[in-house]
Amino acid sequence: MRWDDLFEDMEAQLAAMTRSELDARVEDLTRAEHAGVALASRLRASGGTAVTVALDDGTLVRGRVASAAEQWFELEEGVRRHLVPLQAVSWVQGVGSLAAPGPGVVERRLGLSSALRALARDRVRVLALTRAGAVAGRIARVGKDYLELDDAGPDGARTVGVGSADLGGWGHGGRRSSTTALPLERVLCVSEVV
């Protein structure tokens, strides 16, 4: 009888030790898995979820996640859309805890330039936000590392938050057509003007 009790006790200790080791391994594997998950993957899995995004300049953008790629994501705010480069994000509140599988070949090729070219093709009026202010217009072209906006209307490009800087001929009653080139790395958000 004593032998049976001894073996049962040893089996119980072994089972407890095995269970705690297993729990520790699961925790380690979970941490390792989370370490490999990109924010873009979580945003892709959060389609339709309402989020609040803080941009690097402190601007808050709210909307539902419409789509996401490795370099950018799109938010819907009613009929308005916001294209946000991931490099311009300070934090995201409300993103789901799940992650989408890694992007496919096509999705990996959809950089910020591709999304901006689609807006240029559709001649969408946009407001491009940078740390220096915002510039409104239509995307005329997208280069390797910049986007260029045409005037928003006959009175020249609409600027917000630029102060008294020399605007190079903008706002001269349409006498001079102007475009504004913005380095992509400086763009915080491109919002549809409705």
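Predicted model, so just to flag it, every value in this text is computed and none were measured.

Quick look at the overall build of the protein
Within the protein, the regular secondary structure consists of 4 helices and 11 strands. Buried positions account for 35% of the 194 residues belonging to the protein. In the protein, once contacts between residues fewer than 6 apart in sequence are set aside, the share between residues at least 24 apart is 59%. Accessible surface computed for the protein: about 12000 Å², of which carbon and sulfur atoms make up 52%.

Quick word on the nonpolar core
Residues Leu 43, Val 53, Leu 55, Phe 73, Leu 75 and Val 92 are the most contacted members of the largest nonpolar core, which totals 20 residues. Where this core is concerned, the elements lending two or more residues are helix H2 (39-45), strand S1 (50-55), strand S2 (60-68), strand S3 (72-77), strand S5 (89-93) and strand S11 (187-192). Setting aside anything within four residues of it in sequence, one finds Leu 55 in contact with Val 61, Val 84, Ala 88, Ser 90, Leu 129, Leu 188 and Cys 189. If you look at the next biggest cluster of nonpolar residues, it comprises 19 residues, including Ala 115, Val 126, Leu 182 and Leu 184.

Quick notes on unusual backbone geometry
Glycine aside, a negative phi is what most residues show, and trans is what most peptide bonds show. One non-glycine residue with positive phi stands out, namely Arg 123, at about 55 degrees. With respect to the secondary-structure elements, Arg 123 resides in the loop between helix H4 (112-121) and strand S6 (125-130). Judged by its relative accessible area of 41%, Arg 123 falls in the partly exposed class.

Some remarks on a nonpolar patch on the surface
Nonpolar side chains collect at one region of the surface, where Trp 3, Phe 7 and Met 10 lie side by side and expose about 380 Å² of accessible area between them. Relative to the elements of secondary structure, Trp 3 occurs in helix H1 (residues 2-35). Look at Trp 3 and you get exposed, because its relative accessible area is 60%.

Overview of the pairing of S11
Along a regular strand, successive side chains alternate from one face of the sheet to the other. Within S11, 5 of the 6 residues are buried, leaving the element largely enclosed by the surrounding structure. Across 2 bridges, the pairing between strand S4 (residues 80-85) and S11 is antiparallel. Paired with Leu 83 across the two strands is Val 190, which belongs to S11. Relative to S11, S6 runs antiparallel, the two being bridged by 5 bridges.

As for the confidence of the model for the protein
A low pLDDT means the predicted coordinates there should not be read in detail. The predicted model of the protein averages 82 in pLDDT, with 78% of residues at 70 or higher. Every residue in residues 161-175 is under pLDDT 50, and counting partners more than four places away or in other chains gives 20 contacts.

Structural notes on the side chain of His 82
With respect to the secondary-structure elements, His 82 resides in strand S4. Not counting chain neighbours up to four residues away, the residues in contact with His 82 comprise Val 61, Arg 62, Phe 73, Glu 74, Leu 75, Glu 77, Cys 189, Val 190 and Ser 191.

Reading guide: rules and limits
- Within each chain, residues carry numbers counting from 1 in the order of the written sequence.
- Owing to the predicted nature of the model, reporting of local features is limited to residues with pLDDT of at least 70; listing and counting of side-chain atom pairs is limited to 80 or more, with chain, interface and lining totals taken over all residues.
- Computation of side-chain values covers all heavy atoms of the structure but excludes hydrogens and water.
- Numbering of helices and strands runs from the N terminus, with a helix taken as a DSSP run of H or I at least four residues long and a strand as a DSSP run of E at least two residues long.
- For the exposure calls, accessible area comes from a 1.4 Å probe over protein chains only, and a residue counts as buried if that area is under 20% of its type's maximum, exposed if over 50%, partly exposed in between.
- In this description, contact between two residues means that some pair of their heavy atoms is separated by no more than 4.5 Å.
- Exposure was quantified through the Shrake-Rupley algorithm and a 1.4 Å probe, taking into account, for residues, occlusion by the shown protein chains and nothing else.
- Residue types Ala, Val, Leu, Ile, Met, Phe, Trp, Tyr and Cys, when buried and joined through side-chain atoms within 4.5 Å, form a set referred to as a nonpolar core.
- Each patch is assembled from residues with relative accessible area greater than 30% and no salt bridge, linking like charges that lie within 9 Å and nonpolar side chains (Val, Leu, Ile, Met, Phe, Trp, Tyr) that lie within 5 Å.
- Salt bridge, as applied in this entry: a Lys or Arg side-chain nitrogen positioned within 4 Å of an Asp or Glu carboxyl oxygen.
- Strands pair, by our definition, only if DSSP identifies at least two bridges between them.
- Along the chain, pLDDT gives the predictor's confidence residue by residue, from 0 to 100.

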